[in-house]
Amino acid sequence: TLFSFQFVSSQIIEEGKGIDSITIGIKESKVTKFLGKNYDRKNINDDEYILVYSKKALAITFDKDSVVYEISIKPTIKRKTHKGLIITSELKISDVEKVYDADGWHTKTDSTINKGYDSGIVFRTNLLTKNKEILKITDSLYLESNVIEIIIEQSENDYSFQEYLEWKKKKKNLTECFKEID
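Values in this document were obtained by computation on a predicted structure and should not be read as measured data.

Focus: the pattern of salt bridges
Under the defined criterion, the tally for this structure stands at two salt bridges. Residue E149 is joined to R124 by a salt bridge in which the shortest nitrogen-to-oxygen separation is 3.0 Å. Taken as a pair, E149 in strand β15 (residues 147-152) and R124 in strand β12 (residues 121-126) lie far apart in primary sequence, 25 residues in all. Judged by relative accessible area, which is 10%, E149 ranks as buried. Residue classification places R124 among the partly exposed residues on the basis of a relative accessible area of 21%.

Written out as structure tokens, the structure is:
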């Protein structure tokens, strides 16, 4: 619905958490409650799948228990991160580094480079080549490459979702959980 589109697109992207009510660790039922059922479902493998909300420029990745573990955002709708970075289709790696600094980490696939931060945010660009040579991440052309996707994942320093992971590993029963709370 139009309401849910405005509801999400005007919200702040929070590093390591999510965007408004769509957060790491929630179930699919909550996602569809907030975003609606106008999505395409893509299976990654037997245990994981993605709900793609094209009109909202969002893709939500779920584990085998239908729990969100990654949120992908296309920079086609103007948004803002908690640290103040304005997300637009013209966003470049150099803009990212002005707000998040040049530190962080990089990973590469056959077609993309990810510039990530331990706070739980990743900025993806297309892999750049010049004369069939892959450009280095220090190359000025890389710094001026457009961000094609922003990915929110659990922060390296955030253990708020750890109980969910421990629950799965230990198979605690409800009585044991209540004893821990008391």
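What follows picks up the thread again.
Let's talk about the side chain of E15
Mapped onto the fold, E15 is located in the loop between β1 (12-14) and β2 (18-19). Comment: no salt bridge for buried E15; closest opposite-charge side chain is K83, at 6.5 Å. With residues up to four places along the chain from it excluded, the contact list for E15 reads T81, H82, K83, Y100, S119, G120 and I121.

Some details on the nonpolar core
I60, I71 and F123 are the most contacted members of the largest nonpolar core, which totals 31 residues. Taken together, the elements giving at least two residues each to this core come down to α2 (28-35), β5 (49-53), β6 (58-62), β7 (68-73), α3 (93-100), β11 (112-117), β12 and β15.

Things to note about α3
Quick reminder: α-helices carry 3.6 residues per turn. Residues three or four places apart thus point the same way. Listed in full, the buried residues belonging to α3 are I93, S94, V96, E97 and Y100. For α3, the angular spread of buried residues about the axis comes to 155°, placing them on one side. Turning to α3, the residues buried within the fold contact β8 (79-81), β11, β12, α4 (140-143) and β15. Trailing α3 by a residue or two, D101 shows a phi angle of about 80°, which is positive.

As for the confidence of the model for the chain
Detailed reading of the predicted coordinates is not advisable wherever pLDDT falls low. Summarising the model, the chain shows a mean pLDDT of 81, and 74% of its residues fall at 70 or more. In the model of the chain, helix α1 (residues 2-9) stands out as the element of lowest mean pLDDT, 42, in contrast to β5, which has the highest, 97. Below a pLDDT of 50 lies the segment residues 1-9, which in the model reaches 17 contacts outside its immediate sequence neighbourhood of four places, other chains included. Counting interchain partners and residues more than four positions distant, the pLDDT-below-50 stretch residues 162-172 has 14 contacts.

Considering the environment of H82
Note on placement: H82 falls in the loop between β8 and β9 (86-87). In sequence terms H82 and E14 are 68 residues apart; their C-alpha atoms lie 5.1 Å from each other. When residues no more than four places from it in sequence are discounted, the contact partners of H82 are I12, I13, E14 and E15.

Re unusual backbone geometry
The backbone of D20 sits at a positive phi, close to 55°, despite the residue not being glycine. The topology assignment puts D20 in the loop between β2 and β3 (22-23). With phi around 80°, D101 is a residue other than glycine that occupies positive phi space. Counting through the fold element by element, D101 comes out in the loop between α3 and β10 (105-108). Taking the relative accessible area as the measure of exposure, D101 reaches 37% and is therefore partly exposed.

Thresholds applied
Residues numbered from 1 in each chain as written. Predicted model: local features only at pLDDT ≥ 70, side-chain atom pairs only at ≥ 80, totals over all residues. Heavy atoms only, no water. Salt bridge = Lys/Arg side-chain N within 4 Å of Asp/Glu carboxyl O. Helix = DSSP H or I, 4+ residues; strand = E, 2+ residues; numbered from the N terminus. Buried < 20%, exposed > 50% of the residue type's maximum accessible area, 1.4 Å probe, protein only. Lys, Arg positive; Asp, Glu negative; His and termini not counted. Contact = heavy atoms within 4.5 Å. Core = buried A, V, L, I, M, F, W, Y, C linked by side-chain atoms within 4.5 Å. Arc of directions from axis to C-beta. pLDDT = per-residue confidence, 0-100.

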